[in-house]
Amino acid sequence: MNAPSRIPDGIAGDLNRYREVRAAMPALAAGLGAEDLSAQSMPDCSPGKWHLAHTSWFFEAMILGEEPGYQPVDPRFQALFNSYYEALGQRVERCDRGLMTRPSLDDVLAYRREIDRRMTAWLGQGDADPRRRYLFTLGLHHDQQHQELFLMDMLNLMSRSPLEPAAYEQEPRTAETDAPRGGWSGFDGGLVEIGHGGAGFAFDNEGPAHRVWLEPYALAHDLVANGDWITFIEDGGYARPELWLADGWAAVKAERWTAPLYWRADDGRWTTMSLAGRVDVDPAAPVRHVSFYEADAYARWAGKRLPTEAEWEHAVRCRPDAFSNAFGEVWQWTASAYAPYAGFRPTEGTASEYNGKFMANQMVLRGSSFATPRGHARVSYRNFFYPHQRWAFMGLRLADDASAPLTRDAEPGETARFRRDLIAGLSKSPKVASPKWFYDAEGSRLFEEITRLPEYYPTRQEAALLRRVAPEWAARFGPEAALIEFGSGASEKTRIVLDAAPDLAAYVPIDISADALDAAARRIADAYPALKVAPLVGDFLHLGALPAGIGHGRRVGFFPGSTIGNLEPDEAVAFLKAARALLGDDALFILGVDLVKAPETLIAAYDDAAGVTAAFNRNLLVRANRELGADFDVDAFAHRAVWNPSDSRMEMHLEATRDMAVGIDGRTIRFARGETIHTENSRKFTEDAVRRLAEAAGWSVDAFETGEAPAVALALLKT
Ligand code: SAH
Ligand code: AVI
């Protein structure tokens, strides 16, 4: 019996890699019909059948065809499946690829198999020529690029069908989506090196490694999400030429863009087309299918900018773990034109046309998408598209000049939300405003001043009670727990919990006031160096996901200060339910509430002698004047604090002391003398009311502790 011939390790590795890469596209095509694979939805797209053939042609044209006396599998295929290589002769115009009903899908699959047979034989020869070895690896990466194009093009095709079919039962993904982390990382910049210089494969356009000068900059940890994009739309993002580059605005008008590609407003809710058919737009998911023009306009609207490709690469090289979804979700638009790096040399030979000749009029995207095959992308990878194109899996991450805010300066769209909410509230009768808009930097400062007033007892009383109960309650947190605080403000009471629970692994303060949050997070991080501090700026009534990297211990919610009393009763139930879902099974929740007491005590606490609460209340109007260009005569509004016994709440109002008309955003809001804006409710609780509220939201009250008079209470909730 003959001994089996041993395949050298190098060749076996090449064969395995070749088989693995080449199996992927036929697998993507497996559940699709010949009709699905033959149609072409637009000139930028190609039929699936063409991708299957062209990626095989590439190996034949670049490697196999170099063999002297080589007989092509079918000489006609040389022109049919040549994409853009001038040096390789004739080809079919790109826009005519959908007309190739012949060769049939079966013939193309047979062509593919024959090329695989010939490549397997070529690999078996162990050809060590470095140029052909490079072309072999290039052919594999080329196949992988077309695997993603295959999915992009299939999605576009399905979106153009009146039936909007699902190409797959579930969207094929090669990576999971990371949870958002919140915040930004700052970089000093200076003279830094980017580009591919090391070992391993890279396309020619990624090199050479070279130095670039970067001014100090910051890069957002997270991608821009659909919810942010909806706010941009609702703020007239697609209707305001001042946000757009001239060519972008021309595209908006010519193409009638009103939303990302595939989005549709169905009965007042946004839906989008996915590879699994039409689905609701998920506000928490990263936005995709936006052009460079849209990404650029969004960044301008958010008061930020797109990163340059050098900034993106430097940031991800320096802090690979700081960013969510740097790879594997959407390609990220940069502000960089696709141009050769200093010292760029195209690959020699036929493949010289691969990248270099496209270096005009396109913009660079970095990272990779959910459809990019594993092992294909790198930190130096340069993808590129024309600025109007949207059908790729493309999105964005914001950048900013200079400093490195721990959190964003303000949520993108915050001003837009404030404008919309305030105008809606002032258009009601009686007029209302949400107390969450009190907390700009000055409002947060004024609140801190309130907490030190002799009349404002809740902060002092709650801190004293917390000192009493914290040791016993903290003992129940367990190892590696994470404390999630809602409306954390200055995070002062937090220290009492942190001191009682030295084993806490992470602290996630959540607050709508970016300034207060940023300063508080820095102070806590400095004072508790072993604690992971992961601030999240935003509205706790619209909770997204928790930041990644906060360990796997128990989640402990912390909502002190009776801020729950500022919510409407149904909002409070919805909030506690959402918090329960966010914190997961086995969570604990420390809830602080103010208790019902004598109206004189309450009224004094909300109408202090020094007038700080009055300034806090009026600051809403100061903020509207500054941020929204409103023209409130602030001094013409009087602060009112009233006890409403039937709803068991303190109310704050701003009362117009004369008839007046106020302009906001081109509208006129009229006030009659004596008319008020109802700016805040502070509900006061009984133990019974707290139990009912917690139970309505699916929590049970494990402990309820009341402090000294004037009394507040703390409840420990469990799931
Ligand atoms: N927890 C602190 C601060 C209470 S003040 C304490 O007990 O002293 C209320 C805080 O909640 C402010 O910092 C304010 O910015 C924040 N806040 C109010 N409404 C919010 C909302 N909807 N989402 C997030 N934060 C909010
Ligand atoms: C934050 N919140 C619980 C305070 C309260 O008591 O309702 C805000 C406040 N309003 C007036 N003074 C303090």
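The following paragraphs examine the structure supplied in this document. (Residues numbered from 1 in each chain as written. Chains lettered and ligands numbered in written order. Predicted model: local features only at pLDDT ≥ 70, side-chain atom pairs only at ≥ 80, totals over all residues. Heavy atoms only, no water.)

Describing the overall build of the protein
A tally of regular secondary structure across the protein gives 19 helices and 26 strands. In terms of overall dimensions, the protein has C-alpha extents of about 100 × 65 × 50 Å along its principal axes. When burial is assessed residue by residue, the protein has 56% of its 719 residues classed as buried. The long-range fraction of contacts in the protein, counting pairs at least 24 apart against all pairs at least 6 apart in sequence, stands at 76%. By element, 51% of the accessible surface of the protein is carried by carbon and sulfur atoms, the whole surface being about 30100 Å². Here the protein contributes 78 positively and 101 negatively charged side chains, and the mean placements of these two sets differ by 2 Å. (Helix = DSSP H or I, 4+ residues; strand = E, 2+ residues; numbered from the N terminus. Buried < 20%, exposed > 50% of the residue type's maximum accessible area, 1.4 Å probe, protein only. Contact = heavy atoms within 4.5 Å. Areas by Shrake-Rupley, 256 points an atom, 1.4 Å probe, with all protein chains shown as cover. Lys, Arg positive; Asp, Glu negative; His and termini not counted. Charge placed at Lys NZ, Arg CZ, Asp CG, Glu CD.)

Describing the site of ligand 2
The immediate surroundings of ligand 2 are formed by 14 residues, with Y456, N566, Y606, E680 and S682 found nearest. Here Y456 contributes a side-chain N or O atom positioned 2.5 Å from an oxygen atom of ligand 2. Here N566 contributes a side-chain N or O atom positioned 2.9 Å from an oxygen atom of ligand 2. Protein coverage of the free-state accessible area of ligand 2, which is 340 Å², stands at 96%. The residue makeup of the shell around ligand 2, split by class, is seven nonpolar, six polar and one charged. (Near = heavy atom within 4 Å. Polar contact = N/O pair within 3.5 Å; in protein donor to acceptor, adjacent residues only side chain to side chain. Nonpolar A, V, L, I, M, F, W, Y, C, P; charged D, E, K, R; others polar.)

Here we look at the site of ligand 1
Close contacts around ligand 1 come from 17 residues, with G487, K493, D511, D539 and F540 the closest. Within the contact set of ligand 1, a nitrogen atom lies 3.1 Å away from a backbone nitrogen or oxygen of I512. At 2.8 Å, a side-chain N or O of D539 approaches a nitrogen atom of ligand 1. For ligand 1, whose unbound accessible area comes to 570 Å², protein coverage reaches 94%. The residue inventory of the shell around ligand 1, partitioned by class, reads five nonpolar, seven polar and five charged.

A few points about the state of the cysteines
In total, this model carries zero disulfides according to the counting rule given. Distance from the sulfur of C45, which forms no disulfide, to the nearest cysteine sulfur (C95) is 13 Å. Taking relative accessible area as the criterion, C45 reaches 1% and is therefore assigned buried. (Disulfide = S-S within 2.5 Å.)

Notes on the layout of surface pockets
The computed volume of the second largest pocket comes to approximately 880 Å³. Forming the walls of the second largest pocket are 37 residues, and the residues nearest its centre are Y84, R94, L149, F384 and F385. At the level of elements, α3 (48–62), α6 (130–160) and β10 (383–385) are the ones that each hand at least two residues to the lining of the second largest pocket. With eight residues, α6 is the single largest residue contributor to the lining of the second largest pocket. A per-class count over the lining of the second largest pocket returns 15 nonpolar, 14 polar and eight charged. (1 Å grid on protein atoms, 1.4 Å probe; cavity = no way out; pocket = protein on both sides within 12 Å on 5 of 7 lines; lining within 4 Å. Points joined across faces, edges and corners; volume = space filled by probe spheres on them.)

Some thoughts on empty space enclosed by the protein
Considering all chains together, one arrives at three cavities of 30 Å³ or more under this definition. Of the volumes computed, that of the largest cavity is approximately 50 Å³. Along the walls of the largest cavity sit D36, A39, Q40, S41, C45, S46, P47, G48, F150, D153, M154 and L157, which together make up its complete lining. If one sorts the elements of the lining of the largest cavity by residue count, α6 sits on top with four residues.

Regarding the nonpolar core
Generally speaking, a soluble globular protein has its nonpolar side chains buried in company with each other. Residues F81, F150, W229 and L396 are the most contacted members of the largest nonpolar core, which totals 97 residues. What F81 contacts, discounting residues up to four positions off in sequence, is W50, A53, H54, W57, M100, P103, V108 and Y111. In terms of nonpolar packing, the next biggest core, distinct from the first, is built from 68 residues, F477, A521, V533 and A630 among them. (Core = buried A, V, L, I, M, F, W, Y, C linked by side-chain atoms within 4.5 Å.)

So, the packing of aromatic side chains
The final tally for this structure, using the stated rule, is 49 aromatic pairs. Both rings, one in F385 and one in W391, keep their centres 5.6 Å apart while their planes meet at 85°; by these two values the pair is edge-to-face. We note that F385, like W391, is buried. Aromatic pair F486 and F559: ring centres 6.2 Å apart, planes at 80°, arrangement edge-to-face. Note that F486 is positioned in strand β14 (residues 482–486) and F559 in strand β18 (residues 555–559), a separation of 73 residues in sequence. F486 sits in the buried class, given a relative accessible area of 0%. (Phe/Tyr/Trp six-rings, centres within 6.5 Å; stacked < 30°, edge-to-face > 60°.)

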